[in-house]
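Listed below are the residues making up each chain.
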Amino acid sequence: MPIVRVALDVPLNILFDYLAPDTEITAQDIGRRVRVPFGRNTKTGLIMEVTTHSSVDPLKLKHITHIFRDIPSLSPALLDLFHFCSEYYHHPLGEVVMNGLPTRLRSNKPFTQNFPSAFHYCLTAAGRAADTSAIPARSIVKRRLLAKLRESGAMTGSEAKQFSQRAPKALKELVALRWVEEIPIIPFETSASGVKTAPVPILTPAQQNAIDVITPEINAFNTWLLHGVTGSGKTEVYLRLISLLLRQARQTLVLVPEINLTPQLEAVFRARFPAVKLVSLHSGLSPSERAAGWLQAQQGDAEIILGTRLAVFTPLPKLGLLIVDEEQDASFKQQDGLRYSARDIAIFRAKYAGVPVILGSATPSLESYYNAMSGRYLRLGLPSRAVKNAVLPMVRCIDTRAVKTKESFSEPVIAALEKCLSLNQQSLVFINRRGYAPVLLCKSCGWTAVCHRCASRLVVHLREKKLRCHHCGHQERFPGFCQECGDQDIAPFGHGTQRVEAALIQRFPDARIMRIDRDSTSRKDAWGRMLKDIQEHRVDILVGTQILAKGHDFPNLSLVVTLNSDASLFSTDFRASERLFAQLMQVAGRAGRADIPGEVLIQTEFPDHPLYHALRQHNYDLLAQTLLEERKTAGFPPFVYQVLLRAEAPRIDAALDFLASAASIAKAPKQVEVFDPVPAQMSRLKGMERGYLLVQCRSRKKLQEFLAGWRIKLDALPSYKVRWTLDIDPLEF
Ligand code: ADP
Ligand code: ZN
Ligand code: ZN
């Protein structure tokens, strides 16, 4: 009897063996979902291997409950991708596999939708190998269908019908023999009508150069770093490359950092390629929608697959190109469970498939920049704005040591906002903190309201009269007095978006002011409507967080003001400056279009800081080189590779003790440095105390070798009440 080895969503780095009836299972079933008994329940998993022997006593093996034949098996390429992730991130294979599937396909139910009655009929390996002489000579239709399928591999139901009226019946019989597989065709929403095709612009010399350089290499693996200033027209470069791939009937995967960016990009793609088969994959879809899009990709029907980080696991049989837009963005890294970087996986996939991957950014991550400098990546620059006569905005610092501020605003900033209003142009006030104020403070004893579950202060949300923790979601009523000394003189301290909005309303009562942050955009479709209002100029002043900074085109915007960015200059996080710079470059990049020159005002107490200096000159390279020097001296990435062993427990001692034991069994070779356990920057989260152990090495290979051995010892280490995980290439500490 065959034995199937199944990946299950459990935190153990093993496959589980089950018996399968030999009439049902063949090697063709590798990559299919199965339901199996597990403990007292059943679980859905994926067949990774079909074999005949098991290290488990055959008498103890259980039988599979059901094999799903609702969708085609996952391809060996996708299974290899899961294997790679499991090995590289040292994460249990079963969790990797199940994390990679859409939720709908992880459930215990088969995937049925209200499918139309249209199907693809694909020849299986059994069908290809089958002895046709076994088919009775009078079954002419069946014979001829099989011969045709052996030529073409697949046909649709309607093609079969044209072939013969009796074809449907014959196909059903071939399906019953498992010589042919019946796969539902999921129709695409047709957008061809209604969408206006956009005119194709003449490329700028820099865009033309990028296309000319990439085109001859379009079918080869390379990692291209498309480094283009804001508004330089990176999207146009993507569009031209995608059109090359469409002509080759190959698929393009486009990853964006934010779900909010998908509708806009989708519209751009549809306007250029009205008949394109495009699917969007992100967490905002219903499980069925996502599974349907995933299947369209798996069947090679979808030509453009646009999505957030989870889309990097989409099966793509005709993959021809990968694009990672805003590659530096931290949201490409998953921060729990399987802590993967979608950008890095995209590069792995490109290499595996032998196709190019394009990393696009105005401010590349230092890792990517360094790789481009050292020749591992190929860098292409777009140094100026694409639209004729458009220039980068003028950046000025307002020294808040020299001028007074009132409710966060200095006089020069107020004057600039006023001028913008009088010219009927839009302005944007950027403050990367939502809520009314970050702190509730007692003026007599200095008490501040803190979250009882996290090492963080509660944020004042004045309108809702609530205090909220932005880390765990806990909220409570606004207290009437100090919890420490009982004094009633408690007040919000500092500024968040709500408070800035309130100040602006008071100062400019006639202006149309819109606040954009996670609170104001949380309702479904809210952001889409707000974006429309902005673009159609029904808003004068925008106040918002980094949601506003990313990639959006605001045609009427001429002034950008940033408040409160100084805190990140002196953070203990060595990536804080890099992130701040990227964020400010991005938000500054929203200002100014062809006919309106833009202006950016930065309120700061440190106008001479190198970061602001580089920002004023729009000089990414200057800052990148300074930061790289610092990283080199300090021995930080990209000069070393890092791994965190994270541990959390109800008590910090338990977490740190576990980490100390982990360090003591590490037995690291000389090149691998193992540091002492320390509490995490966010030392308590959701009631759990957290610590980590940093391990680093100059060689990725050596580090990986060490981890493979260490991981096995860690699995054997007693970890009473401690939850631990490895975070490879961590971004947060
Ligand atoms: P980026 O993503 O690099 O910041 P976009 O791709 O959003 O820039 O392009 C900025 C603007 O320039 C868009 O309005 C786009 O339509 C326009 N654009 C791009 N390429 C050209 C071109 N070759 N000629 C004229 N306009 C262009
Ligand atoms: Zn007090
Ligand atoms: Zn909390």
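Structural data are supplied above this passage.
Since this is a predicted model, take the numbers as computed values, not measurements.

A. Representation of the overall build of the protein within the structure. Along the backbone of the protein there are 21 helices and 33 strands. Here the protein has a C-alpha radius of gyration of 29 Å; the compact-globule value for 733 residues is 27 Å, and the two agree. In terms of its C-alpha atoms, the protein occupies a principal-axis envelope of roughly 95 × 65 × 50 Å. Relative to its full complement of 733 residues, the protein shows a buried share of 54%. When contacts within the protein are restricted to residue pairs at least 6 apart in sequence, long-range pairs at least 24 apart make up 74% of them. If you sum the accessible surface of the protein, you get close to 33,500 Å²; carbon and sulfur atoms cover 53% of it.

B. Molecular detail of the environment of Ala-582. Within the secondary structure, Ala-582 sits in helix α17 (residues 576–588). On the accessibility criterion, Ala-582 (10% relative accessible area) is buried. Taking the C-alpha atoms as reference, Ala-582 lies 8.2 Å from Gln-328; in sequence the two are 254 residues apart. Residues contacting Ala-582, with those up to four places away along its chain left out, are Gln-328 and Thr-363.

C. How the structure looks around the site of ligand 1. Close contacts around ligand 1 come from 16 residues, with Ile-202, Gln-207, Gly-231, Lys-234 and Thr-235 the closest. Within the backbone of Gly-231, a nitrogen or oxygen atom sits 2.6 Å from an oxygen atom of ligand 1. Ser-232 has a polar backbone atom sitting 3.3 Å from an oxygen atom of ligand 1. With the chains in place, 72% of the 570 Å² that ligand 1 exposes on its own is no longer accessible. Among the elements that take part in the shell around ligand 1, helix α9 (residues 234–247) stands out by supplying three residues, more than any other.

D. Highlighting helix α12 (residues 342–353). Counted at 1.5 Å a residue, the expected span for α12 with its twelve residues is 16 Å, and the 16 Å between its end C-alpha atoms agrees. Three or more residues of α12 are buried, namely Ala-342, Arg-343, Ile-345, Ala-346, Ile-347, Arg-349 and Ala-350. Tucked into the core, α12 has its buried residues touching α1 (76–88), β9 (223–228), β10 (251–255), β13 (319–325), β14 (357–361) and α13 (366–373). Just beyond α12, the residue with positive phi is Gly-354, at close to 65 degrees.

E. Region of the structure containing the coordination of the zinc ion (ligand 2). Every protein donor of the zinc ion (ligand 2) is listed here as Cys-442 (SG), Cys-445 (SG), Cys-482 (SG) and Cys-485 (SG), and their distances to the metal cover 2.3 to 2.4 Å. Positions of the donor residues of the zinc ion (ligand 2), expressed as sequence spacing, correspond to C-x2-C-x36-C-x2-C. The class of Cys-485 is partly exposed, set by a relative accessible area of 42%.

F. Molecular detail of the layout of surface pockets. By volume, the second largest pocket is sized at about 1,200 Å³. Lining of the second largest pocket is provided by 46 residues; of these, Gln-28, Arg-32, Pro-72, Ser-73 and Glu-181 occupy positions nearest its centre. Elements that contribute at least two residues to the lining of the second largest pocket include exactly α1, β6 (119–123), α4 (125–129), β8 (180–184) and α12. With five residues, α1 is the largest single contributor of residues to the lining of the second largest pocket. Considered class by class, the residues forming the lining of the second largest pocket number 24 nonpolar, eleven polar and eleven charged.

G. Representation of the sheet that holds β6 in the model. The three strands are arranged β7-β6-β8 in an open sheet whose pairing can be described as antiparallel. Strands at the two margins of the open sheet, each flanked by one partner only, are β7 (154–156) and β8. Pairs of neighbouring strands in the sheet enclose a mean axial angle of 25 degrees, with direction left out of account. Along the sheet face, helix α5 (residues 140–152) touches β6, β7 and β8 and points at about 115 degrees away from the line of β7. Contacts between helix α7 (residues 167–176) and the sheet are confined to β6 and β8, with β8 contributing the most and set at about 110 degrees to the helix.

H. Main features of the coordination of the zinc ion (ligand 3). Donor atoms from the polypeptide that bind the zinc ion (ligand 3) are Cys-451 (SG), Cys-454 (SG), Cys-469 (SG) and Cys-472 (SG), placed at 2.3 to 2.4 Å. The site at the zinc ion (ligand 3) holds four donor atoms, and with the angles between them running 106 to 114 degrees, its shape is tetrahedral. Counting gaps between the donor residues of the zinc ion (ligand 3) yields the pattern C-x2-C-x14-C-x2-C. Placement of Cys-454 in the loop between β20 (439–442) and β21 (459–461) and of Cys-469 in the loop between β22 (466–468) and β23 (475–477) is noted, with a sequence separation of 15 residues between them. Looking at Cys-469, the relative accessible area reads 3%, which means it is buried.

I. Structural context of the pairing of β6. Counting buried residues in β6 gives four out of five residues, a clear majority hidden from the surface. The sheet contact formed by β6 and β8 spans five bridges and is antiparallel. Opposite Leu-123, over in β8, you have Val-180 as the bridge partner. Pairing between β6 and β7: three bridges, direction antiparallel. Each residue of the ladder has a partner; that of Tyr-121, found in β7, is Met-155.

J. Seen up close, empty space enclosed by the protein. As enumerated under the stated definition, the model contains three cavities of 30 Å³ or more in all. In this structure, the largest cavity occupies an estimated 80 Å³ of space. For the largest cavity, the full set of lining residues is Asn-99, Gly-100, Leu-101, Pro-102, Leu-281, Arg-290, Trp-294, Leu-310, Ala-311, Phe-313 and Thr-314. Those elements that place two or more of their residues in the lining of the largest cavity are α2 (93–100) and α11 (287–298). Classifying every residue of the lining of the largest cavity by side-chain character gives seven nonpolar, three polar and one charged. Its volume calculated, the second largest cavity comes out at about 70 Å³. What lines the second largest cavity is simply Val-229, Thr-230, Ala-362, Leu-392, Pro-393, Met-585, Ala-588, Gly-589 and His-618. The class makeup of the residues in the lining of the second largest cavity is six nonpolar, three polar and no charged.

K. Structural context of the packing of aromatic side chains. If you walk through the whole model with that rule in mind, you get 16 aromatic pairs. Plain terms: the ring middles of Phe-84 and Tyr-88 are 5.7 Å apart, the flat faces sit at 15 degrees to each other, and that makes the pair stacked. Linking Phe-84 with Tyr-88, this pair stays in helix α1, spanning four residues, or about one helical turn. Taking the relative accessible area as the measure of exposure, Tyr-88 reaches 12% and is therefore buried. Taken together through their ring pairs, the aromatic side chains of Phe-84, Tyr-88, Tyr-89, Phe-348 and Tyr-352 make up a single cluster.

L. Spatial organisation of the packing of α1 against α12. At a minimum axis distance of 11 Å, the contact between α1 and α12 shows a crossing angle of 135 degrees. The orientation of α1 relative to α12 falls into the category oblique. The two elements α1 and α12 meet at a crossing, and its hand is right-handed. Residues Pro-76, Ala-77, Leu-78, Asp-80, Leu-81, Phe-84 and Cys-85 of α1 lie in contact with α12, whose contacting residues are Ile-345, Phe-348, Arg-349 and Tyr-352. Split by residue class, the contact of α1 with α12 holds nine nonpolar, no polar and two charged.

M. Helix α21 (residues 700–716), seen in detail. Here α21 contains 17 residues, and its C-alpha end-to-end distance of 25 Å stays within 8% of the 24 Å for a straight helix at 1.5 Å per residue. Listed in full, the buried residues belonging to α21 are Leu-703, Gln-704, Phe-706, Leu-707, Trp-710, Arg-711 and Leu-714. You can read the cap of α21 off the contacts: a side-chain oxygen lies 3.3 Å from the backbone nitrogen of Lys-701, and it is on Ser-699.

How each quantity is defined
Each chain carries its own residue numbering, running from 1 in the written order of its sequence. Note on labels: chains are lettered from A, ligands numbered from 1, in written order. Totals for whole chains, interfaces and linings use every residue, but because this is a predicted model, local features are given only for residues with pLDDT of at least 70 and side-chain atom pairs only at 80 or more, for both listing and counting. The basis for every side-chain value is the complete set of non-hydrogen atoms in the structure, without hydrogens or water. Helix numbers and strand numbers start at the N terminus; a helix is a DSSP run of H or I with at least 4 residues, a strand a run of E with at least 2. All radius of gyration figures rest on C-alpha atoms, and the globule criterion is 2.2 Å times the number of residues raised to 0.38. Residue burial is assigned from relative accessible area. The probe radius is 1.4 Å, only protein chains are included, and a residue is buried under 20% of its type maximum, exposed over 50%, and partly exposed in between. Here, two residues are considered to be in contact whenever any of their heavy atoms come within 4.5 Å of each other. Each accessible area is a Shrake-Rupley estimate made with a 1.4 Å probe; only the visible protein chains count as cover when residues are assessed. Throughout, near means a residue has at least one heavy atom within 4 Å of the molecule or strand. Under the rule applied, a polar contact is a pair of N or O atoms within 3.5 Å (in protein, one hydrogen donor and one hydrogen acceptor; residues adjacent in sequence only if both atoms are side-chain atoms). In a helix, the anticipated span is given by 1.5 Å times the number of residues less one. With water omitted from the atoms examined, metal sites may look incomplete; donors here are N, O and S atoms no farther than 2.8 Å from the metal, or 3.2 Å in the case of Na, K and Ca. Method remark: on a 1 Å grid restricted to protein atoms, a set of points is classed as a cavity if a 1.4 Å probe fits but cannot get out and as a pocket if it is open with protein on both sides within 12 Å along at least five of seven lines; lining residues have an atom within 4 Å of a point. Grid points are joined across faces, edges and corners, and a volume is the space filled by probe spheres set on the points. Just so you know the grouping, Ala, Val, Leu, Ile, Met, Phe, Trp, Tyr, Cys and Pro go in nonpolar, Asp, Glu, Lys and Arg go in charged, and all remaining residues, Gly too, go in polar. Here, any two strands with at least 2 DSSP bridges between them count as paired. Interaxial angles span 0 to 180 degrees and are taken between N-to-C directions of axes, which are lines fitted to C-alpha atoms, for helices over the stretch in contact. Key to geometry: four donors with every angle between 85 and 135 degrees are tetrahedral; four donors are square planar and six octahedral where opposite donors lie over 155 degrees apart and all remaining angles lie between 65 and 115; all other sites are irregular. Within 6.5 Å between ring centres, the rings of Phe, Tyr and Trp (the latter by its six-membered ring) count as paired, and their orientation is classed by plane angle as stacked under 30 degrees, edge-to-face over 60, tilted in between. Any angle that falls under 35 degrees is termed roughly parallel, while one over 145 is termed roughly antiparallel, one within 65 to 115 roughly perpendicular, and all others oblique. We call a crossing left-handed when the near helix sits turned anticlockwise from the far one by less than a right angle, and right-handed when that turn is clockwise.

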